[in-house]
Structure formats: structure tokens, C-alpha cells
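The lines below spell out each chain.
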Amino acid sequence: MKNFIFNWIILISISSFSQINTIGLRSYNENVSNGYTLFTPEQNQNVYLIDNCGQLVHQWTFDEQPALTCYLLENGNLLRAGRNSVEIRDWDNTIIWSFNLENNGIDSQHHDIEPLPNGNVLCILIDHYTDAEMVALGKIPSPNGSIFKLDKVIEIEPSGINGGTIVWEWKFIDHLIQDNDFTKPNFGVVENHPELIDLNYIHTTTLDNDYTHVNSIDYNAELDQILLSSRTLNEIYVVDHSTSTLEASGHIGGNSNKGGDILWRWGNPKAYKQGTSVDQKLFSQHDAKWVEPGYTDDGKITVFNNGGFDTLNSSTIHLITPEIINGDYSMSNNIFNPQGYDWSWNGSVLGEIVNESKKSGVHSLPNGNLLFCRTSRGQFTEITKTGENLWTYANPAGLNGTIVDQFDVISNNVNSIFRAEKYPIDYLGFEGKDLTPQGILENENSISIMCENTLSTNSLDFNTLKIINPVENNVILFSEHVAFKNVSIIDIHGKTILSVKNFDGNQLPINLSPSIYFIKLQNQNIDLTKKIIVK
């Protein structure tokens, strides 16, 4: 009863400040997902890992500003894209691999990178072409005659401390179609070839020269496919990664036997001369990626829709569910499915409408909540599917690592961040790591203090909870006596095959075939997902 009264007082206190914090922890609800949030500010060289109370638990320092993302790997190392290098550093900030792009003849890496299970790294690059070169391929001449940009993807295999080899490549220029000039290459009927990019879809705007402007890349290991987001074309694309580089430049080969052609595209069917403006779903979107295996929305795709549904007055975040039938992405009325969003949200955070014209992103969490980032505010927020704001944090680190004081005016977006990633507390990369809170970055934060006091009333330490792997004799063994309102077993296809209510004990009998599964443990304030191997 005392704990209940104490928590009630804390919650009232958190929601009753006369002045809303400008930096650090800005709002907190004890139902926020357990985990740690990773972010790299755009205007300094640091990477920060914070807990739910806004306290720093770890920090890395690099030699250059980001370009623009970083990822915590399952071995505890940090992968980060810099302005002129891609680096891996260990937990102690020691350089494991530092690949200088310029020195290796690689130019124009931008926006995002993606770690692969084999240790390789996917990078987005820009190829530059003259207007004359593009006109020779069937493009309508540019109104300004400027250099024409098309993106490509390379896969780098690290070697040694500074070495690397490009082992795979995919280019937009290999998958074009045009109906402008039958005497030029790539001539065809655009609406009959949704697997190709219409070279003349855009030819009268200022974005004509930056034709694809890819701003995110993601990889699906189960499908061996890559997901790309094109801001300019208002579409997201899936391409086959199982091809060789030669096959990726053509139209046959790989698991799909379609070479490097587009397997699925979504957001703007007008780009392949299908549908009307009513059918456009994405507007200058960013950060398209598959939901992680074992998460509630496994198999779906999240995306930050900068222009919202059909207007630039607000931004929207979405979940999208592609449909695969017999290995192929399905279509309806010549438009790739789905015909609409699986789930959407737009609205306000702390009284301000979310409206981001550039950058930003969204990240799905194990329990189905979503963490989205507002680049211009340097802010990230966790919401539920019902739109409840559970947690908001604003980056206090500005230019060259200078920390902004609470309630100071933040000007010129000095605290901007491209994206943020949140990892559950049982993420493999945290195993054996010191995650002791080191205090907040900013000079003061009363909400962080209230958060710490709230958490201190719960003496359970779920960081130490272990499940004996592999599972033998069809009995799941916990390292200690536990009590959960719900325990679920999920197979690798995302199907819940066992659900136990009000579990209390340290042994859970099961009857499962040998395979890999995910076990989800849930209480009011706890939502853990762990991988188990049943022998």
C-alpha cells in the first residue's frame, strides 16, 4: 500500500510541473518499454547510450561527425558511419575496424548503413552522371542541365584493422525504363514493368538531379532481401540480395530469379504509371525497415512518413504489411499490396504537432510500442498503438559536444539527431557489460530524479534473469523463481503457439518440436523477449 501511494505521488508530481523540460527526459510513464536508447547527435562526435530515466550508461567518442547512423552489434561493438569512414569500436572505444572511404576510392556515402549477419556492411552511395549521359539512356533533358545522381548499394567485407573489399553491388541505373525515345536503351511500356524505375517520372522539378535520394537501408536475413527508401520518388523498394553482382545488374538470377529488379515497391504507384494521386501513401518518407524477428509486429515494415497522409501539415508513422504468395509479392489492380496502412499515427507530443519536413525515423519495439525521432527537435518519443505518450527525451548535446542547460533556448537545430535505436534490456550486446547509470548529461532534470525514485521502489532485477539454453527434456528452466502475468512462446514465423497466464515458478513444461523459438515474459511494467533453442 505504501508503494502504491508513493508511486501515485510520483506520477502526480511528474505531470504537474509548471515548466516543461526542454532537454533530457521531458516526460516519463512507468509503462515505458524496458531498454536502452542509442543515438549519435549530428553536430558532434559522440555516441550516447541512455536508460529510461535519461541517465547516461555508456558513451563512445569518434574522430568525425556522423553520416548519419550507428548500430550496437550483438557482440557489444558499435558500428558507426562517419563523414569519411565506417568504423567498428568495442565497448571500451578501441578501434576494431576503421575503413577510410576516400582512401579506398569510395565517394558519397550518405544517410545510412546496415550490418549483415556475416559481419559485412551495406552502404548507400551516389553515382554521378552528366545530363548527356542520361539523355543517351532515354532521359528527357534536364531543365538545368546539372549533374544527375542515382544511388547504389555496396557490400563491404572488412579485413584487418583498415582493410575492406567490395564483395557485392547493386545500382539503380541497371534497372531503368523509359517511354520517351524508342531509339534509346531501356525503351518500353512503363506501366507493364513495375520492376523497373521510370527514368522520366520526375523531369521538371528542382529534385530532378537528385533522382532517387535513398535515405535508409535495411536487411531481412530470412528473405535475404534489402529494403530501400527513396525520398524523391516517395517509394520504398525491396531488392534481392541473394544475387551475384553480375546478376544484380541484370534481370535474372538469385532466389527470386529476377536479378536486381524491384521485387516490391510501395507508396506511390504513379511512379510506375498505376493509380492516381489518391493512391499515393508516402510523401518524402524516411527510415523504412522490417520489424525485428520475434517482436510483436515481426514481418511488418515501419516507416516515418514526413508528409503525412496527403499533406505537409503533419508527419505520420506507419506499419505496413507486404503480402508474399509463393515467394512473390502480390498485387491488386496492378498495384503492389497492401492497399493501405496496417496501422498509422499522427498527432502531437507535449502540445506540439509532429511535423518534420526532413530526416527523422521510427523504430518498432518488442511489445509493439514505437519509438520515433524528430530530427529538428533532437527528440525521440515512445508511444503505444493507442497513441499514448510513454516517454520523451530531447538530446542535450550540441555542437562539438557542448551540453545545453535546462530551459535554455535551443537555436539552429544544434541538438539535431538523424535517428535513435532502442534495444531491450536482454539484448545480446549488453551481456557482461557495465550498464551502471552515470547520471544525466544536462545540468538538471527533475523528471529524471522522479523516474529514479519510481524505479527504486521495485527491487526486482530483470537484467540478471537467465533462461537455461538450450532447452532440454521439454522443460524451460529459469535461473530464479519468477512470476509473470503472461508467458508466451512464439515460433520463427511469429505465431504464438503457447500462452500461460499467471505463471509462478522456475520451471515451465512445454511440448515443442526441436527448433528456435522466442519466449515473451510480461508483467504490468515488464515486457521481455528472449530467444530459446529447444532440443
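Higher on the page you've got the structure.
The structure displayed is predicted, hence computed values, not measured ones. (Residues numbered from 1 in each chain as written. Predicted model: local features only at pLDDT ≥ 70, side-chain atom pairs only at ≥ 80, totals over all residues. Heavy atoms only, no water.)

## Some thoughts on the sheet that holds strand β19 (residues 286-290)
Move 1: With antiparallel pairing, the 4 strands of this open sheet are ordered in space as β19-β20-β21-β26. Single-partner strands in this sheet number two, and they are β19 and β26 (343-345). Neighbour-to-neighbour, the strand axes of this sheet turn through a mean angle of 15 degrees, independent of strand direction.
Move 2: Strand direction decides the pairing type here: strand β21 (residues 316-320) and β26, joined by 3 bridges, are antiparallel. (Pairing = 2+ DSSP bridges. Helix = DSSP H or I, 4+ residues; strand = E, 2+ residues; numbered from the N terminus. Axes fitted to C-alpha atoms, helices over the stretch in contact; angles between N-to-C directions.)

## Overview of the pairing of strand β6 (residues 78-82)
Move 1: Among the 5 residues of β6, 5 are classified as buried, and the element is accordingly described as predominantly covered.
Move 2: Alternating residues of β6 divide into L78, R80 and G82 and L79 and A81, and every residue in both groups is buried.
Move 3: Both strand β5 (residues 66-72) and β6 contribute to a ladder of 4 bridges, which runs antiparallel. By the bridge assignment for β6, L72 is matched with L78. (Buried < 20%, exposed > 50% of the residue type's maximum accessible area, 1.4 Å probe, protein only.)

## Remarks on the nonpolar core
Move 1: Counting 52 residues, the largest nonpolar core has I476 and F478 as the members making the most contacts within it.
Move 2: When residues in this core are grouped by element, the largest group, 6 residues, is from strand β34 (residues 475-491).
Move 3: One finds V153, Y219, L233 and Y237 within the second-largest nonpolar core, a separate group that totals 27 residues. (Core = buried A, V, L, I, M, F, W, Y, C linked by side-chain atoms within 4.5 Å.)

## Considerations on the environment of N180
Move 1: With respect to the helices and strands, the residue N180 is situated in the loop between β13 (176-177) and β14 (197-198).
Move 2: Taking the C-alpha atoms as reference points, N180 and T381, separated by 201 residues in sequence, lie 46 Å from one another.
Move 3: Setting aside its immediate chain neighbours within four residues, N180 contacts G138, K139, I140, F187 and N200.
Move 4: At 3.3 Å, the side chain of N180 forms a polar contact with the backbone oxygen of G138. (Contact = heavy atoms within 4.5 Å. Polar contact = N/O pair within 3.5 Å; in protein donor to acceptor, adjacent residues only side chain to side chain.)

## So, the pattern of salt bridges
Move 1: Evaluation of the coordinates by the stated rule reveals 21 salt bridges.
Move 2: The salt bridge partner of K184 is D181, with a shortest N-O separation of 3.3 Å.
Move 3: The exposure class of K184 is partly exposed, given its relative accessible area of 25%.
Move 4: Here K289 and E421 are joined by a salt bridge, their closest N and O atoms 3.7 Å apart. Taken together, the residues K289 in strand β19 and E421 in strand β33 (residues 417-424) connect sequence positions 132 residues apart. (Salt bridge = Lys/Arg side-chain N within 4 Å of Asp/Glu carboxyl O.)

## Here we look at the packing of aromatic side chains
Move 1: A full pass over the atoms with the stated rule returns 21 aromatic pairs.
Move 2: For the pair W345 and F372, a centre-to-centre distance of 5.2 Å together with 35 degrees between the ring planes defines the contact as tilted. One end of the pair, W345, is in strand β26; the other, F372, is in strand β30 (residues 370-374), with 27 residues separating them in the sequence.
Move 3: For W345, a relative accessible area of 12% translates into the label buried.
Move 4: A relative accessible area of 1% means that F372 is categorised as buried.
Move 5: When the ring centre of F62 is taken as origin, the NZ or CZ atom of R80, which lies over that ring, is 4.5 Å away.
Move 6: Here R89 stacks its cationic end above the ring of F62, 4.5 Å away from the centre of that ring. (Phe/Tyr/Trp six-rings, centres within 6.5 Å; stacked < 30°, edge-to-face > 60°. Lys NZ or Arg CZ within 6 Å of the ring centre and 35° of its normal.)

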